Amino acid sequence: MLDAEWTENIRKYRSCLTLELCQRGKLCFLKFQSCRLTYSMSQRKMLQLSTGALLLLLSWFGGLVLGEVSRDFSKCLEFFYDRSPPQGFNAEVYQPICQRYKNQYHFASLYHRVHRTPLYSAYTLGPADGKRPNISWMYEPQLAFSRASSEMTPFHTPLDQNVIESQAVLQDYKESNYTKGHLNPSMHQKTKENREATFTLTNIVPQIAASNSGPWNRLEKEVMRKFNMFCEGPMYVITGALPYEPEARWINNRVSVPEYMWSAYCCPTYKSKISESERKSFPTYAAVGRNDQDSGEEIVPVNVKARISVRGYDVKRMTLEALEDILGKRLGMPISLFAGQCH
């Protein structure tokens, strides 16, 4: 339990709390930097916070947030089929973000504050009208400061400690074995501004290069082809990541590495004349990809005939229901990605 003095300090100074998370996603201590308050405790009195206390503190912290980082996706529902976000992702550590860039919403992400990675990004697909942009990576100011700008912001040096504590930063990926893997890929965004907006680390997970530029990249191109050839209206896409179980794995002791990538789309309006083989991909389609050569084969089997360079990073195509079943078992909660199964 929190002692009375500690609780009173939290209540009194909650308007300027910054959360510090440590190696294994546990809450280590709270710093009241914005108020310049120093709270000293002896080694004997250092708190061993229970899960309940952690969730309480996170909910208090989440209550401070304004603007585009908020309690729900009410400002960016257009990126979800039937304006309905996925159901079942209810943990307190998940932070909805309406991704705002140049005074416009471009997509939505559900961010895991403890893992410092998005659980998923949701967007409407549009064929790119240009090349991959050459742009600086960005971060979300409101994850660090509740009253900060609602616009994603380019990284700069020196970087405020509150930003470093609240989310992944570029230093986390340096000298790691992982690339920056887009959940919402720039190739799936039509305009230059749309594509630039995908270059925020709140849309990124650590992804092995052989997956990112290999089988997973081929899946992204396949989804684009299906949209161009068969969809007669918007295609709603949700792409996410699954952490390791039962123990998370980390880069730089800070950012959670996914064991699997997953993706699903909903194309409610599509051509009536379509081959039987393609008809199975409509109105919904889903896939799970390996991000670890050594993972078991229960979810995604390994094609032993694949090239050595990409072997073990297979992507398995499946029905929406099969993906939701996998997500539900791994996350411990029933999951529904599209309202009414996209019907």
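Residues numbered from 1 in each chain as written. Predicted model: local features only at pLDDT ≥ 70, side-chain atom pairs only at ≥ 80, totals over all residues. Heavy atoms only, no water.

Within the chain one finds ten helices and 15 strands. Buried positions account for 56% of the 343 residues belonging to the chain. Look at the contacts in the chain between residues 6 or more apart in sequence, and 68% of them connect residues 24 or more apart. Looking at the chain as shown, the accessible area adds up to about 16100 Å², and 49% of this sits on carbon and sulfur atoms. (Helix = DSSP H or I, 4+ residues; strand = E, 2+ residues; numbered from the N terminus. Buried < 20%, exposed > 50% of the residue type's maximum accessible area, 1.4 Å probe, protein only. Contact = heavy atoms within 4.5 Å. Areas by Shrake-Rupley, 256 points an atom, 1.4 Å probe, with all protein chains shown as cover.)

Another point: the pattern of salt bridges. Side chains bearing opposite charge may pair, as long as their charged atoms lie close to each other. Here the structure, examined in full by the defined rule, presents eleven salt bridges. A salt bridge links lysine 226 to glutamate 278; its shortest N-O distance comes to 2.8 Å. Placement of the pair is lysine 226 in helix α8 (residues 215–230) and glutamate 278 in helix α9 (residues 276–279), with a sequence separation of 52 residues. With a shortest N-O distance of 3.5 Å, arginine 249 and aspartate 292 are connected by a salt bridge. Separated by 43 residues along the polypeptide, arginine 249 in the loop between β10 (236–243) and β11 (250–251) and aspartate 292 in the loop between β14 (284–290) and β15 (315–318) bring together distant segments of the chain. (Salt bridge = Lys/Arg side-chain N within 4 Å of Asp/Glu carboxyl O.)

Our focus in this paragraph is unusual backbone geometry. Residue proline 158 is reached from threonine 157 by a cis peptide bond, and omega for that bond is -5°. Along the chain, proline 158 falls in the loop between β7 (153–154) and α4 (161–166). A cis geometry characterises the amide bond from phenylalanine 282 onward to proline 283, with omega recorded as 5°. One non-glycine residue, asparagine 103, lies in the positive phi region at around 65°. With respect to the helices and strands, asparagine 103 occurs in the loop between β3 (94–101) and β4 (104–112).

What follows concerns the confidence of the model for the chain. Scored by pLDDT, the chain comes out at a mean of 84, with 80% of its residues at no less than 70. Per-residue pLDDT stays below 50 along residues 1–67; that stretch engages in 98 contacts with residues further than four places along the chain or on separate chains. (pLDDT = per-residue confidence, 0-100.)

This part covers helix α10 (residues 320–331). A rise of 1.5 Å per residue sets the reference length of α10, with its twelve residues, at 16 Å; its end C-alpha atoms lie 16 Å apart and thus fit the reference within 8%. Taken together, the buried positions of α10 are Leu320, Leu323, Glu324, Ile326, Leu327, Gly328, Arg330 and Leu331. Against the buried residues of α10 lie β3, β10, β13 (258–266), β14 and β15. (Expected span 1.5 Å × (residues − 1).)

Moving on to the packing of aromatic side chains. Applying the stated criterion to the full structure yields ten aromatic pairs. With 5.5 Å between their ring centres and 40° between their planes, tyrosine 265 and tyrosine 285 make a pair best called tilted. Of the two residues, tyrosine 265 sits in strand β13 while tyrosine 285 sits in strand β14, which places them 20 residues apart along the sequence. For the pair shown, tyrosine 265 and tyrosine 285 are each scored as buried. (Phe/Tyr/Trp six-rings, centres within 6.5 Å; stacked < 30°, edge-to-face > 60°.)

As a further point, take the state of the cysteines. Taken as a whole and assessed by the stated rule, the structure comprises three disulfides. Shown here is the disulfide that connects cysteine 76 with cysteine 98, its sulfur atoms set 2.1 Å apart. Of note, the bridge from cysteine 76 to cysteine 98 carries an S-S torsion of about -75° and is left-handed in sense. With a gap of 22 residues between them, cysteine 76 in the loop between α2 (51–62) and β3 and cysteine 98 in strand β3 connect regions that are remote in the sequence. On the accessibility criterion, cysteine 98 (1% relative accessible area) is buried. Linked covalently through their sulfurs, cysteine 266 and cysteine 342 form a disulfide whose S-S length is 2.0 Å. Measuring handedness by torsion sign, the sulfur bridge of cysteine 266 and cysteine 342 sits at about 80° and is right-handed. In this pair, cysteine 266 is assigned in strand β13 and cysteine 342 in the segment after α10, connecting sequence segments 76 residues apart. Residue classification places cysteine 266 among the buried residues on the basis of a relative accessible area of 0%. (Disulfide = S-S within 2.5 Å.)

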